[in-house]
Amino acid sequence: MNYQTLEVSRHGHVGWLVFNRPDRRNAMNNAMREELRAAWNELAADPQVRVIVNAANGPAFQTGADVVELATDGVGMERYRESVEKFDLGFTSWHLRIDKPVIAAVNGICAGGGLHFVADADIVLAASDASFTDPHVSVGQASTMETIGLMRKMPAEAVLRMALVGRYERMGAARAFELGMVSEVVDPPERLHEVAQELAEKIARNSPAALQATKRALWGALENGLTDACKAGAAELVGLWGHPDQTEGPAAFAQKREPQWKTV
């Protein structure tokens, strides 16, 4: 597929989904919203891709809905009413139930709807120049799904402060790390994509089937109570018994070689 607002590529077993509207600070217009669904599904369906990195071209990571488009196209937010009411959003990995590991590599500003991609990633890296803000209430919109998602990662009060203060305050990368929004701050910022690729390659060395089962179990735990989550996790565990990777993993360890995993 030829993308107008994204770049999609592969580097070994790592797929890259990159926002590519740098002149608009990677704001999400209607075209990007539609392309994101296609791009996530393309990488998820590629048997050679084991890990997906979500990154950006230009000085900003993601700044949410394209406010200029909303203000000038005569349609505004109404174009999204049906998809939001049906909760059929489809522009992040979590919306689409992608079970391959996802790393978000955040550079520059991440604002508003851009926080979806932070909340919905498995691992978040931030360049030392990254900052986070949620201007929804500052433009007359409610802050809901992105910040609800962030409450799984960090203290509720920190999320509430971001949501209620709006565009009048930004959280830096160091503070985001302290609060658990991101797991690593990359300095200098120019190494962000290199570090993301290195981390993705480490993850990709593991059994693809085991990675996907683990992700399903751990994300499922956020949806269910303790007992139900553990029962679902047990089903994922047993579901892998008899899989070829269960034989290959110990054999490779005993023979001191890299395992040859079965493609999922």
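Located above this text is the structure these notes cover.
Residues numbered from 1 in each chain as written. Predicted model: local features only at pLDDT ≥ 70, side-chain atom pairs only at ≥ 80, totals over all residues. Heavy atoms only, no water.

Draft legend 1. Representation of the sheet that holds strand β7 (residues 131–133). Ordered in space as β5-β7-β8, the 3 strands form an open sheet in which the pairing is mixed. Each edge of the open sheet is held by one strand with a lone partner, namely β5 (109–111) and β8 (171–172). Bridge analysis of β7 against β8 gives 2 bridges, and the strand direction is antiparallel. Bridge pairing in β8 places Phe132 opposite Met171. (Pairing = 2+ DSSP bridges. Helix = DSSP H or I, 4+ residues; strand = E, 2+ residues; numbered from the N terminus.)

Draft legend 2. Inspection of the packing of aromatic side chains at higher detail. Under the definition given, this model contains 4 aromatic pairs. Between Phe19 and Phe117, the ring centres sit 4.9 Å apart and the planes meet at 70°, which makes this aromatic pair edge-to-face. One end of the pair, Phe19, is in strand β2 (residues 14–19); the other, Phe117, is in helix α4 (residues 115–119), and 98 residues separate them in sequence. The exposure class of Phe19 is buried, given its relative accessible area of 0%. Aromatic side chains Phe91 and Phe117 sit 6.0 Å apart centroid to centroid with 50° between the ring planes, which places their arrangement in the tilted category. One end of the pair, Phe91, is in the loop between α3 (81–85) and β4 (102–106); the other, Phe117, is in helix α4, and 26 residues separate them in sequence. Both residues of the pair, Phe91 and Phe117, count as buried. Members of the aromatic cluster, each reached through a chain of ring pairs, are Phe19, Phe61, Phe91 and Phe117. (Phe/Tyr/Trp six-rings, centres within 6.5 Å; stacked < 30°, edge-to-face > 60°. Buried < 20%, exposed > 50% of the residue type's maximum accessible area, 1.4 Å probe, protein only.)

Draft legend 3. Examining the layout of surface pockets more closely. Of the pockets and cavities examined, the largest pocket occupies roughly 950 Å³. Along its surface, the largest pocket is lined by 35 residues, and Ala65, Met77, Gly113, His136 and Gln141 are the ones closest to its centre. Sorting the residues of the lining of the largest pocket by element identifies α2 (67–72), α3, β5 and α5 (145–150) as the ones contributing at least two each. Tallying contributions element by element places α2 first for the lining of the largest pocket, with 3 residues. For the lining of the largest pocket, the per-class residue count stands at 17 nonpolar, 9 polar and 9 charged. Taken together, 16 residues form the lining of the second largest pocket, with Asp122, Ile123, Lys215, Leu218 and Trp219 sitting closest to its centre. Every element with two or more residues in the lining of the second largest pocket is listed here: β4 and α9 (208–223). Here the lining of the second largest pocket is composed, by residue class, of 11 nonpolar, 1 polar and 4 charged. (1 Å grid on protein atoms, 1.4 Å probe; cavity = no way out; pocket = protein on both sides within 12 Å on 5 of 7 lines; lining within 4 Å. Points joined across faces, edges and corners; volume = space filled by probe spheres on them. Nonpolar A, V, L, I, M, F, W, Y, C, P; charged D, E, K, R; others polar.)

Draft legend 4. Examining the side chain of Ser93 more closely. By the secondary structure assignment, Ser93 is in the loop between α3 and β4. A polar atom in the side chain of Ser93 sits 3.4 Å from the backbone oxygen of Asp120. When neighbours within four sequence positions are excluded, Ser93 is seen to be in contact with Trp40, Ile98, Val102 and Asp120. (Polar contact = N/O pair within 3.5 Å; in protein donor to acceptor, adjacent residues only side chain to side chain. Contact = heavy atoms within 4.5 Å.)

Draft legend 5. Expanded view of the nonpolar core. Membership of the largest hydrophobic core comes to 42 residues, with the highest contact counts inside it found for Leu36, Phe132, Leu150 and Met181. Of all the secondary structure elements, the ones that give two or more residues to this core are β2, α1 (30–45), β3 (51–56), β4, α4, β6 (123–127), α6 (156–165) and α7 (173–179). For this core, the element with the highest residue contribution is α1, accounting for 5 residues. With residues up to four places along the chain from it excluded, the contact list for Leu150 reads Leu115, Val118, Ala119, Val159, Met162 and Met181. Formed by 18 residues, the second largest nonpolar core is a distinct cluster that contains Ala55, Ala127, Val186 and Leu192. (Core = buried A, V, L, I, M, F, W, Y, C linked by side-chain atoms within 4.5 Å.)

Draft legend 6. Highlighting a nonpolar patch on the surface. A contiguous nonpolar patch, built from Met151, Leu160 and Leu164 and spanning about 310 Å² of accessible area, is present on the exposed surface. Here Leu164 lies in helix α6. Leu164 sits in the exposed class, given a relative accessible area of 65%. (Patch = residues over 30% accessible without salt bridge, like charges linked within 9 Å, V, L, I, M, F, W, Y side chains within 5 Å. Areas by Shrake-Rupley, 256 points an atom, 1.4 Å probe, with all protein chains shown as cover. Salt bridge = Lys/Arg side-chain N within 4 Å of Asp/Glu carboxyl O.)

Draft legend 7. Focus on empty space enclosed by the protein. Under the counting rule described, the total for this entry stands at 1 cavity of 30 Å³ or more. Considered as a void within the structure, the largest cavity measures approximately 30 Å³ in volume. Of the residues that constitute the lining of the largest cavity, the class distribution is 4 nonpolar, 1 polar and 3 charged.

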